[in-house]
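Residues per chain are reported as follows:
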Amino acid sequence: MFTASSQLNVTLICGPTDMRKAIDGLSNIVAYDLEKEPCSEQLFGLPRLY
């Protein structure tokens with residue numbers, strides 16, 4: 001859930017992402033590859049692998 005804020009940080013990740021990793025795998029990408037907090041008030045855009 002997001003609260004009303006005047007600023008929202010959005011991080012876009014380049015390159016395909018395997019969505020079969022589910023929420024745990026995707027949060028690990030954010031935590032370890034990007035060194036960001038997955039539960040922070042940010043949006044992370046992950047392009048889908050076809």
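In this text the structure is predicted, and so the values were computed from the model without any measurement.

Okay, the side chain of Thr11 next. Of note, Thr11 is situated in strand E1 (residues 9-12). In this structure Thr11 touches Leu34, Lys36, Gln42, Leu43, Phe44 and Gly45, once residues within four positions along its chain are discounted.

It is worth spelling out unusual backbone geometry at this point. Most peptide bonds take the trans form, and the phi angle of most residues other than glycine is negative. Despite not being glycine, Ala22 has its phi angle at roughly 65°, a positive value. By relative accessible area, which is 42% here, Ala22 ends up partly exposed. In this structure, Glu35 is a non-glycine residue whose phi angle is positive, near 55°.

Attention now moves to the pairing of E1. In this sheet, strand E2 (residues 42-45) lies alongside E1 in parallel orientation, the contact comprising four bridges. Within the sheet, the bridge partner assigned to Thr11 lies in E2 and is Phe44. In this fold, the crossover linking E1 to E2 by way of helix H1 (residues 22-33) has right-handed handedness.

A separate point is H1. Helix length check: H1, at 12 residues, gives a terminal C-alpha distance of 16 Å against a target of 16 Å (1.5 Å per residue), a fit within 8%. For H1, the full list of buried residues reads Gly25, Leu26, Ile29 and Val30. Projection of H1 onto a plane perpendicular to its axis shows the buried side chains occupying an angular sector of 145°, all on one side. Within H1, the exposed residues directed more than 90 degrees away from the buried face are Ile23, Asp24 and Tyr32. For H1, the elements touching its buried residues are E2. Glu35 occupies a position one or two residues after H1 and carries a positive phi of about 55°.

Below, the discussion takes up the pattern of salt bridges. Following the criterion strictly, the structure yields one salt bridge and no others. Here Arg20 ties to Asp18 by a salt bridge, and the two come within 2.9 Å at their closest N and O atoms. We classify Arg20 as exposed; its relative accessible area is 71%. In this structure Asp18 comes out as partly exposed when scored by relative accessible area, which is 22%.

Parameters and conventions
- Residues numbered from 1 in each chain as written.
- Predicted model: local features only at pLDDT ≥ 70, side-chain atom pairs only at ≥ 80, totals over all residues.
- Heavy atoms only, no water.
- Helix = DSSP H or I, 4+ residues; strand = E, 2+ residues; numbered from the N terminus.
- Contact = heavy atoms within 4.5 Å.
- Buried < 20%, exposed > 50% of the residue type's maximum accessible area, 1.4 Å probe, protein only.
- Pairing = 2+ DSSP bridges.
- Right-handed = clockwise from strand over helix to strand, strands pointing away.
- Expected span 1.5 Å × (residues − 1).
- Arc of directions from axis to C-beta.
- Salt bridge = Lys/Arg side-chain N within 4 Å of Asp/Glu carboxyl O.

In short, shape yes, function no, at least from these values alone.
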